[in-house]
Amino acid sequence: MLPETIVPKSFKELEIYPDREERHDDREYRHAHHILVNVEKHPCFWCGKTKEEAEAEGNTLETHHWAEQSLWHKFDQALVYKDLKWLDFHGHAKDLPDNSADLHANHIANLVVSCSTCHRENGYGLHGATIPFVWARRWLKNKSDDVLKRWKPLHVHVKNALFKVARKKGSIN
Ligand SMILES: [Zn+2]
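Reading the values: rules and limits
Residues numbered from 1 in each chain as written. Predicted model: local features only at pLDDT ≥ 70, side-chain atom pairs only at ≥ 80, totals over all residues. Heavy atoms only, no water. Helix = DSSP H or I, 4+ residues; strand = E, 2+ residues; numbered from the N terminus. Buried < 20%, exposed > 50% of the residue type's maximum accessible area, 1.4 Å probe, protein only. Contact = heavy atoms within 4.5 Å. Areas by Shrake-Rupley, 256 points an atom, 1.4 Å probe, with all protein chains shown as cover. Pairing = 2+ DSSP bridges. Donors = N, O, S within 2.8 Å, 3.2 Å for Na, K, Ca; no water. Tetrahedral: all angles 85-135°; square planar, octahedral: opposite > 155°, others 65-115°. Salt bridge = Lys/Arg side-chain N within 4 Å of Asp/Glu carboxyl O. Phe/Tyr/Trp six-rings, centres within 6.5 Å; stacked < 30°, edge-to-face > 60°. Lys NZ or Arg CZ within 6 Å of the ring centre and 35° of its normal.

### Focus: the overall build of the protein chain
In step 1: From N to C terminus, the protein chain includes 7 helices and 2 strands.
In step 2: Each of the 173 residues in the protein chain was classed as buried or not, and the buried ones make up 38%.
In step 3: Of the contacts made within the protein chain by residues no fewer than 6 positions apart, 60% connect residues no fewer than 24 positions apart.
In step 4: For the protein chain, the exposed surface amounts to about 11500 Å²; the carbon and sulfur share of it is 55%.

Right, dumping it as structure tokens:
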């Protein structure tokens, strides 16, 4: 039984994945990802975990397209451009093209370093939770605060528990 102050909610969303042909220059994406994660070594924008910390938990650092790649063809690029300028996730707003018409989804300023859980985990990540929930993680005094994590679905808790046991036994590093 949950306390009255906690209201569980669920929602359904249909996510669109782009066809290969709709993707813009994967090479540029891979290069921008490499710069952010391996060269500049940005941690997860949401929970602050470094690449090493994420990998120790069996996760990785990924890069999320802030303006969704699959919806890019529907966007007014000038509006996306304006937002990327002030959001400036990893200091690359200065690298935006002079003309917003030259902007594309794989531009480094449109990528946000996100560990795999903060990126995709159902009930927790950018693709599986709501904006207030995900942004709140950035501002926690105690990064391991369980107030938000408690909303992970049961199967995730089971997966994490099994991972911890396996790590203790030394079957995985
Ligand atoms: Zn994270």
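### A few points about the pairing of strand β1 (residues 61-65)
In step 1: Burial runs high along β1: 5 of the 5 residues are buried.
In step 2: Residues L61, T63 and H65 line one face of β1 and the alternating positions E62 and H64 line the opposite face, and both faces are buried.
In step 3: Of the strand pairs in this sheet, β1 and strand β2 (residues 111-115) are connected by 5 bridges, and their pairing is antiparallel. Looking across to β2, one finds that T63 is bridged to V113.

### Observations regarding the coordination of the zinc ion
In step 1: Looking at the zinc ion, the protein donor atoms are C44 (SG), C47 (SG), C115 (SG) and C118 (SG), and they sit 2.3 to 2.4 Å from it.
In step 2: Coordination geometry of the zinc ion: the 4 donor atoms subtend angles of 102 to 116 degrees at the metal centre, consistent with an arrangement described as tetrahedral.
In step 3: We note that the donor set of the zinc ion lies within a single chain, spaced as C-x2-C-x67-C-x2-C. Taken together, the residues span a long stretch of sequence, with C44 in the loop between α1 (26-39) and α2 (51-56) and C115 in strand β2 at a distance of 71 residues. Both residues of the pair, C44 and C115, count as buried.

### As for the pattern of salt bridges
In step 1: Applying the stated criterion to the full structure yields 3 salt bridges.
In step 2: One salt bridge in this structure joins E62 and R120, with 2.4 Å as the shortest N-O distance. Of this pair, E62 sits in strand β1 while R120 sits in helix α4 (residues 116-120), and the two are 58 residues apart along the sequence.
In step 3: For E62, a relative accessible area of 15% gives the class buried.
In step 4: Across the pair D95 and K94 runs a salt bridge, and its minimum N-O distance is 3.7 Å.
In step 5: Its relative accessible area of 37% is what places D95 among the partly exposed residues.
In step 6: Accessibility expressed as a relative area gives 66% for K94, which makes it exposed.

### Considerations on the pairing of β2
In step 1: Of all 5 residues making up β2, 5 are buried, and the element is well covered by its neighbours.
In step 2: Every second residue of β2 is oriented toward a common face, with L111, V113 and C115 on one face and V112 and S114 on the other, all of them buried.

### Some thoughts on the side chain of S100
In step 1: Take S100: it is sitting in the loop between α3 (77-87) and β2.
In step 2: When sequence neighbours within four positions are dropped, the list of residues in contact with S100 reads Q77, A78 and Y81.

### A closer look at the packing of aromatic side chains
In step 1: Counting across every chain of the model gives 10 aromatic pairs.
In step 2: Of the aromatic side chains, those joined through ring pairs into one cluster are F45, W46, W66, F89, W135 and W139.
In step 3: For R137, the ring lying beneath its charged end belongs to Y124, and the centroid distance is 3.5 Å.
In step 4: Directly above the ring of F45 sits R138, whose terminal nitrogen or CZ lies 3.7 Å from the centroid.

### Digging into unusual backbone geometry
In step 1: Notably, K41 is not glycine yet its phi reads approximately 55 degrees, a positive angle.
In step 2: Of note, K41 is situated in the loop between α1 and α2.
In step 3: Despite not being glycine, D88 shows a phi value in the positive range, around 40 degrees.
In step 4: Here D88 is to be found in the loop between α3 and β2.
In step 5: Given the relative accessible area of 32%, D88 is considered partly exposed.

Treat this as a map of the structure, not an account of what it does.
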